[in-house]
Amino acid sequence: MTTNPIIQVENVYKFFGQLTALNDVSLNITSGEKVVILGPSGSGKSTLLRSINRLEKIDKGHIIVDGQDITAPECNINTVRQELGMVFQSFNLFPHKTVLGNLIMAPMRLKKMSKEEAESIALDLLKKVGISDKAHVYPAKLSGGQQQRVAIARALAMNPKIMLFDEPTSALDPEMIGEVLDVMTSLAKEGMTMVCVTHEMGFAREVADRLVFMDHGEIIEQGTPEEFFTNPKHPRLKQFLEQIL
Amino acid sequence: MSVEKKEVRIAVTDGMLIPSGKDKSVVTAWSISLIFAICSIVYLCVNKPDPYLDIIKFLPDGILVTFKVTVSAILLTIPIGLATGMGRLSENKVINLIASTYVEIIRGIPLLVQLFFIYYAIGEFIQLPDLTAAIIAMSVCYGAYMGEVFRAGIDAVDSGQTEAARSLGFNKTETMFMVILPQAWRTILPPVGNEFIALLKDSSLVSILAVSELLRRGREYASVTFNYFECYLMVALIYLVITLLLSKAVSIMENKLNYYDD
Ligand SMILES: Nc1ncnc2c1ncn2[C@@H]1O[C@H](COP(=O)(O)OP(=O)(O)OP(=O)(O)O)[C@@H](O)[C@H]1O
Ligand SMILES: [Mg+2]
């Protein structure tokens, strides 16, 4: 039984001046799938992820998210983005709002939720990511790990179908990485569709249904974690894994 | 992708030096100036009521007009500055060019010349009260400077904030008004305060446009009594007290805006 993919990336090119950041990339992701994107620095991982919610506008090809071609000029990207939660390396919480304020802003404005409803959802999410006690605190008072968990909760508050993570633990002190990965792992267990750029191999091995290896703007190998770690085919992937493991 | 740190730099205007809120000592340039100005006024009025007390009684109408011009102009300047600043940052080439040209032209012409020009240009088309025309003229001039302040303030907010807001599904306008401006305000407020104070001082220029603000009131009094020195001394001291108090108010407001820092 095959289901329609929830994300279709079709022959996508992205140029930054002379540089080809994405070179004929195609990738289908089915609903509920957890995909981890690996690759050396500058290989185009972030560019691919950011293209999926059109933070980067691609130059050629198509990207279809939940049935909507986001590359089409008539596409209302703002509604598509409500289906796509995004978590950044640098958290990007809104510093002028409390934790709770960060979580209720988008649901109230974009989903016309009442304050009470938005807050009760937000408090549930904060409980889920383990920081209910910080609801009324400003982000500057939180540790990096706490900020990132708030950022995940903020994205989840819009009840997205897909979550995109761009190196969510790379800016964290080592002792805080675990708490963020735990949240992501439990999210995966709940069946969320996830696309993660990460260098956390333990997480990739445990959570990913599929690993995607990129180099020089191309996807050069895909497979299950099993296949990747026991039997990598492409020499560049072998080299990459040797360096990283 | 490396995270770029943007340099925060906002042009320093010729407004007052805003006293630092962290400076807790009593003896500061600010307090010395204020005490000096107030004591001088009181001393002169008590010891030489003729003419100083008479002058002091004559001036409040002018102070009121000065405030009217300043406050109205600043209120008009904020939307003009906001539009100009956003225009200068716009990806739309036409809007960008219009905003930049406005700023360039205004910055290249002396304020006094602009005031004359705009005042009489308005007069060519519609008959407005002198006060209104003067306020519009001041706003058009100061709008360009305010535009630069807004541009710098908006530009100083980390681009990650825009990305986070857009990713949640906010459109450009929502992102600007709900996420960027509430943060930019903190970088914008001190220079806006400075502009406000500079504008208050420059409002003395509209005295030539038949608007009876503080300076013109002083001149009117002096031209009758011939107490030129005494009149302008009082006018100067009053300007000084007002600007000193305003700069304090700005610094207090600035500290209030730091509530979300650690
Ligand atoms: N806005 C931009 N302007 C110009 N070049 C860019 C821009 N964004 C990315 N690039 C370039 O595109 C290429 C791919 O960048 P990308 O950020 O996607 O790499 P990455 O795989 O995420 O790397 P990293 O692991 O360092 O985050 C790099 O060579 C990068 O320098
Ligand atoms: Mg990256």
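Residues numbered from 1 in each chain as written. Chains lettered and ligands numbered in written order. Predicted model: local features only at pLDDT ≥ 70, side-chain atom pairs only at ≥ 80, totals over all residues. Heavy atoms only, no water.

Considerations on the interface of chain A and chain B
Moving on, step 1. Each partner contributes to the interface: chain A provides 24 residues, whereas chain B provides 22 residues.
Moving on, step 2. Counting each side, the surface lost to burial between chain A and chain B is near 2,200 Å², with a carbon and sulfur contribution of 61%.
Moving on, step 3. Counting across the chain A and chain B interface gives two salt bridges.
Moving on, step 4. Here chain A is connected to chain B by six residue pairs in polar contact (both at pLDDT 80 or more).
Moving on, step 5. Looking at the side of chain A that touches chain B, the elements that each hand over two or more residues are α2 (77-81), β6 (84-87), α3 (99-110) and α5 (144-156) of chain A.
Moving on, step 6. Of all the elements, α3 of chain A adds the most residues to the side of chain A that touches chain B, at four residues.
Moving on, step 7. Looking at side-chain class alone, the side of chain A that touches chain B contains 14 nonpolar, five polar and five charged residues. (Contact = heavy atoms within 4.5 Å. Buried area = accessible area lost by both parts, 1.4 Å probe. Salt bridge = Lys/Arg side-chain N within 4 Å of Asp/Glu carboxyl O. Polar contact = N/O pair within 3.5 Å; in protein donor to acceptor, adjacent residues only side chain to side chain. Helix = DSSP H or I, 4+ residues; strand = E, 2+ residues; numbered from the N terminus. Nonpolar A, V, L, I, M, F, W, Y, C, P; charged D, E, K, R; others polar.)

Section: the site of ligand 1
Moving on, step 1. Around ligand 1, a shell composed of 13 residues is seen, among which Ser 41, Gly 42, Lys 45, Ser 46 and Thr 47 of chain A lie nearest.
Moving on, step 2. Chains contributing residues to the immediate surroundings of ligand 1 are chains A and B.
Moving on, step 3. At a separation of 2.8 Å, an oxygen atom of ligand 1 approaches a polar backbone atom of Gly 42 of chain A.
Moving on, step 4. In this structure, an oxygen atom belonging to ligand 1 sits 2.7 Å away from a side-chain N or O atom of Ser 46 of chain A.
Moving on, step 5. Contact with the protein chains hides 70% of the accessible area of ligand 1, taken as 630 Å² for the molecule alone.
Moving on, step 6. Residue assignment for the shell around ligand 1 shows that the elements contributing at least two residues are β2 (19-30) and α1 (45-52) of chain A.
Moving on, step 7. At three residues, the largest contribution of residues to the shell around ligand 1 is made by α1 of chain A. (Near = heavy atom within 4 Å. Areas by Shrake-Rupley, 256 points an atom, 1.4 Å probe, with all protein chains shown as cover.)

Some points on unusual backbone geometry
With the exception of glycine, the majority of residues adopt a negative phi angle, and the majority of peptide bonds are in the trans configuration.
Moving on, step 1. Omega for the peptide link from Asp 50 of chain B to Pro 51 of chain B comes to 10°, which places this bond in the cis form.
Moving on, step 2. Along the chain, Pro 51 of chain B falls in helix α2 (residues 49-58).
Moving on, step 3. With a phi angle near 50°, Asp 66 of chain A is a residue other than glycine that sits in the positive phi range.
Moving on, step 4. Mapped onto the elements of the fold, Asp 66 of chain A is located in the loop between β4 (60-65) and β5 (68-69).
Moving on, step 5. Given a relative accessible area of 33%, Asp 66 of chain A falls into the partly exposed group.
Moving on, step 6. The backbone phi angle of Lys 112 of chain A is positive, close to 55°, even though this residue is not glycine.
Moving on, step 7. Among the structural elements, Lys 112 of chain A can be located in the loop between α3 and α4 (115-128). (Buried < 20%, exposed > 50% of the residue type's maximum accessible area, 1.4 Å probe, protein only.)

Notes on helix α7 (residues 159-168) of chain B
Moving on, step 1. With seven of 10 residues buried, α7 of chain B lies mostly within the body of the structure.
Moving on, step 2. Looking at the buried side of α7 of chain B, the elements it contacts are α2, β6, α3 and α5 of chain A together with α8 (172-202) of chain B.
Moving on, step 3. Positive backbone phi, at 115°, marks Gly 169 of chain B, one or two positions downstream of α7 of chain B.

Here's the deal with the UniProt feature "domain: ABC transporter" (unreviewed entry) in chain A
Moving on, step 1. Under the UniProt annotation, "domain: ABC transporter" (unreviewed entry) lies at residues 7-241 of chain A.
Moving on, step 2. Helix and strand shares over residues 7-241 of chain A are 37% and 26% respectively, and the end C-alpha atoms of the span are 27 Å apart. (UniProt positions renumbered as here; feature names shortened; annotations may be inferred.)

What about the pattern of salt bridges?
All names here are of chain B.
Moving on, step 1. For the structure shown, the criterion picks out 17 salt bridges over all chains.
Moving on, step 2. For the salt bridge of Glu 91 with Lys 172, the shortest nitrogen-to-oxygen distance reads 3.8 Å. One end of the pair, Glu 91, is in the loop between α3 (60-89) and α4 (93-107); the other, Lys 172, is in helix α8, with 81 residues separating them in the sequence. Taken individually, Glu 91 and Lys 172 each receive the classification exposed, so the pair is uniform in this respect.
Moving on, step 3. When the shortest N-O distance is used, the salt bridge between Arg 217 and Glu 220 registers 3.8 Å. Of this pair, Arg 217 and Glu 220 both sit in helix α9 (residues 214-225), three residues apart, which is roughly one turn of the helix.
Moving on, step 4. A residue is classified by how much of its surface remains accessible, and Glu 220, at 27% relative accessible area, is partly exposed.
Moving on, step 5. Among the ionic contacts, a cluster of salt bridges with common partners joins Asp 61, Arg 216, Arg 217 and Glu 220.

Here's the deal with the environment of Ile 37 of chain A
Moving on, step 1. Looking at the secondary structure, you find Ile 37 of chain A in strand β3 (residues 34-38).
Moving on, step 2. Separated by 130 residues in the primary sequence, Ile 37 of chain A and Glu 167 of chain A place their C-alpha atoms 9.8 Å from one another.

Observations regarding the environment of Lys 172 of chain B
Residue and element names in this part refer to chain B.
Moving on, step 1. By relative accessible area, Lys 172 is classed as exposed at 55%.
Moving on, step 2. Between the alpha carbons of Lys 172 and Thr 162 there is a distance of 8.5 Å; along the sequence they are 10 residues apart.
Moving on, step 3. If we skip the residues at most four places from it in the chain, Lys 172 touches Glu 91 and Arg 166.

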